[in-house]
Structures are given as structure tokens and as C-alpha cells.
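Chain by chain, the residues:
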Amino acid sequence: MHQHNQFDLFKQRRFLPLFITQFLGAFNDNLFKNAMLVMITFFGLGFAGLDAPTLVNAAAGIFILPFFLFSATAGQLAEKFDKATLARWIKLLEIAIMLVASVGFMYRNAALLMFCLFLMGVHSTLFGPLKYSILPQYLNERELLGGNGLIEMGTFVAILLGQIGGTILVERSPDNVAVIATACVGVAILGYLSSRAMPPAPPQVQDLKINWNVFSETWNIIRLSRRNLTVFHSLMGISWFWFFGAVYLTQLPSFAKGVLGGNAEVYTLLVALFSVGVGAGSALCEVLSGRKIEVGLVPFGSIGMCIFGIDLYFATPTIPAAGIGAIAFLSDPHHWRLMADFTLLGIFGGFFIVPLYALIQLRSEPEYRSRIIAANNILNSCFMVVSAVVSILILQAGVSIPQLLLIVALMNIPVAFYVYGLQPEFLMRFLVWIATNTMYRIKEQGLENIPEEGAAVLICNHVSFMDALVIGGAIRRPVRFVMDHRIFKVPLLSFIFRTAGAIPIAPAKEDPAMKERAFIKVQECLSNGELVCIFPEGKITYNGELNPFRPGVIEIAQRSNAPVIPMALRGLWGSFFSRKDGTAMLKMPRRFRSKIGLVASTPVPVEQLDLDDLQARVLALRGPDK
């Protein structure tokens, strides 16, 4: 039986044309840019008497400048107009730019080519907010992480192929510029044709009045992005990745030549390893997260980026080789560890950014989503410029390139602590993800009965100290747990419960004030449309059987008029965290990666609530597998 996965999206018209359009756009950007840079560096293309290194650095600045100038406008256009129609307009602009660039190639006019490079930056600026904000309109929530992973994978592979293609076209036929011009125009035409197959994506704010003042609107959208701190911190996390990646990719030519003693083939190989790594990591996100947006992968990604960035320094040979090519480089076992580090840096970079992109799309208000993504492009560009300045200053201070890369890898540590201090949800979800995926293989059933939005009370049997983590890790929405105050205080788990906003409760005879505070807090959460999970037994089972349900769950549901969704955990009785055969967590674990289940049934309306009926429903869901 076929298991649905992200690659099934390639069979869907609501995704494949978008993927092809963005792939060809990223490919053409780099095909054109690299062809021009190779002509400048190796074949004497010049402008205004400037040397090749100056022109190459100027080209990088010219391409990124439109992201500062026009991202705010691009975000507004993507809100106001149908995104599929807008994509076709942008692709027609790309064809026009490439036709002008053809004249530049024919006459070897560097000034005209630089102008076209600026216009291609405009093209990419306009397409960026559209590309990401259209995904929530085309995909459902369970497809969103996989769709983002494929888009990121396609983008990095397209960048790599464009760089290689541009280099090969010029090196093989430097005098036959018609080949280069034809390739660039041809790819642009293919991009336009694929955009015509994109389904409609209606505007979110059709009556939006566009502010053409780029400076005031840029400030407005940055301020807008700060309204939701989770979204803003996600933007900053993505921008840090581009700072990190820009340092590595910018220094890669000098690293390949001066440090490793390789030629251009070695540089291309290392770029390929990093790009393929990001693509692979992006595609793997859905597998690791179980087809849901799992921000716990973000700390996992940052840890990997730090570890393999540090290891890269120690894997770098102290004495460079003498102008070796890719084949000789690959055949030397001393280089295998270094190549693995570059690949794994990319893979963990994919783990880091894909959940952040998906989280931004999910948590941003639809009417502001395109402008939030435009703010992301502006921040990314700022961080990339700062990375260039920081790299120059550090290298001028006498630091070597391997040491610079080590410094940036080490910077991941304070950056991670700062970000996770601001947004502890990321670290909390990481600990939950590690705990549940290390210990168990979870089979989920009926979780579609849990509403995508709005208040609901979840009830479940209470088998072990891991119950809340298993449930919280499996459900896509944040869940507020009502739990015994003693469990709430368990070391390490306490951090997770506090960060998740769990609500401690005590029996009335033990602490009536705490119980009343818990009831008030639960009502507040349900009034705000949140999910609240209660273990109505009031304690963890000692014998694997259900304890009698306490009536508080009925009172809570009736006070807030929220439906109750019965759930059951299966297979946790006998685990390390249960009370079978002794005190929980004070005995040897019997096995790891054991199979457990989480089952949910249809909601029970408030007017049909009956305590015995709820207990019977949970018992039936649990079945014989305790």
C-alpha cells in the first residue's frame, strides 16, 4: 500500500507548475550571473577600467540591492493580486530582461549586463514573497512542511546547476555568445510556460492601497513582522542561516584554491556537496517530523551546523596540495572527512530553515503573509551584507580562512542560546521530539478529529510520565496540559511542561487554591480558542487499568461550552516511564523504539456529556493494548 509523502505533490497541478517555475527562475538567475562572472574573471570582459575582483564584488552587491529597495513593494503586490497571474507577469519580465541581456552578451557590453543583473535581482525580489505565500493557498497544513522542503531542495539544486551550466557554457564556447544568450532566453520562456499552468491563487487583500514609498513601507513591514514574536524570531533564525551560509559560500573559492590546493573543479565539488546537502536535509524534514511542522528540528539543525562546522576546521589539511582536480581530490581518503562535513553542514542547514519557513506561513495572518515574507527577504539581505563586512574585518585582522569558518561555526552556540531563550518553544519541541522519537515508534489514528482551530477539551488515559510528551509531540497544534502538580515538578520534564504552558493542579482537599487557579486558567485558555488536555483519572495508573474519571472534566467543558474529544494511549504500560514492576524511571528500560499508539475519536458535544460514557469511550479506544 502506497504511503503518502511529499513527492506525491509532484503529481498535483497545485504544486508541480509552481515548483518548475521557481526552479527555472533560480536556475536562470545563476546561469546568467555565472556566465557573466566567468567572462569577467577569465575572458577579459571589463567596464570603466575596473579590475576583475572589483567587478565580481560589485556584481554581488548589484544583485542583492533590489531586495533592499523593492521587497516591500513585492510583498504588497503579492497581497493585492492573484499570485498565479502575478507569477506570469514576472516571468514575462524575465523574458524581456534576458532579451536585453542577449544584446549585452553579443556586444560584450559589461555595463548593459550589469544593468540586466540588477533587473534579475528585481525579478527575484518580486517572485520571493509570491513563492512562499502561495504555498498555504495550494497546500493543506499536513503538506506544508513537505512542500517547503521540496521548494528549498529545488532552489539549491537549481542554484548549483545554474552555476555549473553558466561556467560550462562560457568555458566551452567563449566566442560563441549566441549559445549563452539563447540558453538564458530559452529558460525564461520555459519558466513563463510553466507559470501558465499554475492554478489561481486569489488575492488576500484585494483592496490594499499600495504604498510606493519603499523606505516607509520597508519600515512598516519590519514593524508588522514584530507583532507576532514567534514569526519574527523565525525570520531572525532564517536570516542567521543566510549569514552563516554566505560566509561559507563566499570564502569557498579561496578555501578550495589557497587552503586545499584545488582547482575550479574542487570548488564546484564543494559547492555541490553543500547544495545537495541542503536539498537532502530539506527533503528529509517531512520524514523526521511525521508530516507535521516540527520546530523541534530547528535546534537539531543548529547543533549539527555547529558540530560539523567545528569538525571542518580540524578536518582541513595543514599543507595544501598542488593544483589538484576533482578526481584526485575525491580519491584521497584524507579529504573524505572534509567532504562529509560540507555535506552534513548542508543537511543540518535544511533541518534548520525548512520548519522555520513553514512556521512563518502557518502562524502569519493570511492578509499579511506576503508582506511578512518580504520582510524576511529584507532581513536575509541585511544579514548577508553584514556577513561580508564581518568576514572582511576578521580576515584583515590576520585570521586565516579556516579560522574564520571556525569562528562562524562557534557563533552558532551563543546565537542558539539567545534565540531559544527568546523562543523556548523551539527547544521544548526539540526535547519532546528527541524523547518521543528515541523511545517510541508512534502510530497515530483519528487525529484529524482534533479541529485545526478553536477550543476543545482532550481527555486521555494516564499511563506514564511520558503521556503529555507523546500527545504534545503528535498533535500539530499547541496543547495546554492540566496535570498533577507533582508530575509538573519532575526534573527536566518540568522545563518542557512550563514552556508548553502546562497548568498544575492539586486535589481540593490538598490545595483548594491551586485547584481554583487551575480551573480559572483552563477557562481562560478555552476562551482564547486553545486546546486543553486533561487526564480525568487524576493520577497515573498503578495497574494498567483505568482509574475512575473525576467529574471536573464535565464542569470544565460545560463552563466553556467546548466539545470533548476522547483519546487513548496504547502500549505504554510496562514502559520505563510507567509504574509496572516498580517505581517509574527507577528500573532498567526493557527496549527502545517500541511501538505505541495514540487514537482519537469524534468530538462529543457538551449537551451529550456523561462521565461514565466518556470513560467507556476511552476504554474502547484503548482496547486490550494498555
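Refer to the structure presented above.
What this report covers is the structure whose coordinates are included nearby. Being a predicted model, the structure only gives us computed values, none of them experimental.

## Points about the pattern of salt bridges
For the coordinates displayed, the defined rule picks out 13 salt bridges. Arginine 559 is paired through a salt bridge with glutamate 555; the nearest N and O atoms lie 2.7 Å apart. Taken together, the residues span about one helical turn, with arginine 559 and glutamate 555 both in helix 21 (residues 552-560) at a distance of four residues. Of the residues examined, arginine 559 reaches a relative accessible area of 44% and is grouped as partly exposed.

## A few points about the environment of methionine 305
Secondary-structure assignment places methionine 305 in helix 11 (residues 297-315). According to the relative accessible area criterion, methionine 305 is buried, its value standing at 0%. As for methionine 305 and histidine 335, which are separated by 30 residues in sequence, their C-alpha atoms are 19 Å apart. Leave out the neighbours within four places in its chain, and methionine 305 touches Phe241, Phe244, Leu345, Phe348, Gly349, Phe352 and Asn412.

## Remarks on helix 10 (residues 264-289)
Helical geometry: 3.6 residues make up each α-helical turn, so side chains three or four residues apart lie on a common side. Spanning 26 residues, helix 10 covers 38 Å between terminal C-alpha atoms, matching the ideal 38 Å at 1.5 Å per step. At alanine 283, helix 10 shows its largest kink, close to 30°.

## Quick look at the environment of glycine 304
Inspection of the secondary structure puts glycine 304 in helix 11. Between the C-alpha atom of glycine 304 and that of leucine 344, which follows or precedes it by 40 residues, the distance is 7.5 Å. Setting aside residues no more than four positions away along its own chain, glycine 304 makes contact with Gly309 and Phe348.

## Section: unusual backbone geometry
Although it is not a glycine, arginine 108 sits at a positive phi angle of roughly 50°. Of the residues examined, arginine 108 reaches a relative accessible area of 35% and is grouped as partly exposed.

## Details of a positive patch on the surface
A surface patch of like charges, here positive, comprises Arg441, Lys443, Arg593 and Lys595. Residue class for lysine 443 comes out exposed when judged on its relative accessible area of 61%.

## Some points on the sheet that holds strand 2 (residues 456-459)
Pairing is mixed in the open sheet, where seven strands are placed in the order 1-7-6-2-5-3-4. At either margin of the open sheet sits one strand with a lone partner, and together these are strand 1 (440-445) and strand 4 (503-505). Between one strand axis and the next, the sheet turns by 25° as a mean value, whatever way the strands run. Of the strand pairs in this sheet, strand 2 and strand 5 (residues 531-534) are connected by four bridges, and their pairing is parallel. When the sheet's bridge partners are listed, valine 457 is paired in strand 5 with valine 532. Docked against the sheet, helix 22 (residues 611-622) engages strand 2, strand 6 (564-570) and strand 7 (594-600), running at close to 35° with respect to strand 6.

## As for the packing of aromatic side chains
Tallied over the entire structure, the rule returns 21 aromatic pairs. For the pair phenylalanine 10 and phenylalanine 15, a centre-to-centre distance of 6.0 Å together with 50° between the ring planes defines the contact as tilted. Three or more aromatic residues link up through ring pairs in this structure, and these residues are Phe10, Phe15, Phe19 and Phe23. The positively charged end of lysine 33 is found above the aromatic ring belonging to phenylalanine 63, 4.4 Å away from the centroid.

## Considering the pairing of strand 6
Extensive coverage of strand 6 is indicated by the burial of six of its seven residues. Sheet analysis places strand 2 next to strand 6, joined by three bridges and oriented parallel. Bridge pairing in strand 6 places isoleucine 459 opposite proline 566. Note: strand 6 against strand 7, four bridges, orientation antiparallel. What sits directly across from methionine 567, in strand 7, is alanine 600.

So, how was this worked out
- Residues numbered from 1 in each chain as written.
- Predicted model: local features only at pLDDT ≥ 70, side-chain atom pairs only at ≥ 80, totals over all residues.
- Heavy atoms only, no water.
- Salt bridge = Lys/Arg side-chain N within 4 Å of Asp/Glu carboxyl O.
- Helix = DSSP H or I, 4+ residues; strand = E, 2+ residues; numbered from the N terminus.
- Buried < 20%, exposed > 50% of the residue type's maximum accessible area, 1.4 Å probe, protein only.
- Contact = heavy atoms within 4.5 Å.
- Expected span 1.5 Å × (residues − 1).
- Bend = angle between axes of the 7 residues up to and from the residue.
- Patch = residues over 30% accessible without salt bridge, like charges linked within 9 Å, V, L, I, M, F, W, Y side chains within 5 Å.
- Areas by Shrake-Rupley, 256 points an atom, 1.4 Å probe, with all protein chains shown as cover.
- Lys, Arg positive; Asp, Glu negative; His and termini not counted.
- Charge placed at Lys NZ, Arg CZ, Asp CG, Glu CD.
- Pairing = 2+ DSSP bridges.
- Axes fitted to C-alpha atoms, helices over the stretch in contact; angles between N-to-C directions.
- Phe/Tyr/Trp six-rings, centres within 6.5 Å; stacked < 30°, edge-to-face > 60°.
- Lys NZ or Arg CZ within 6 Å of the ring centre and 35° of its normal.

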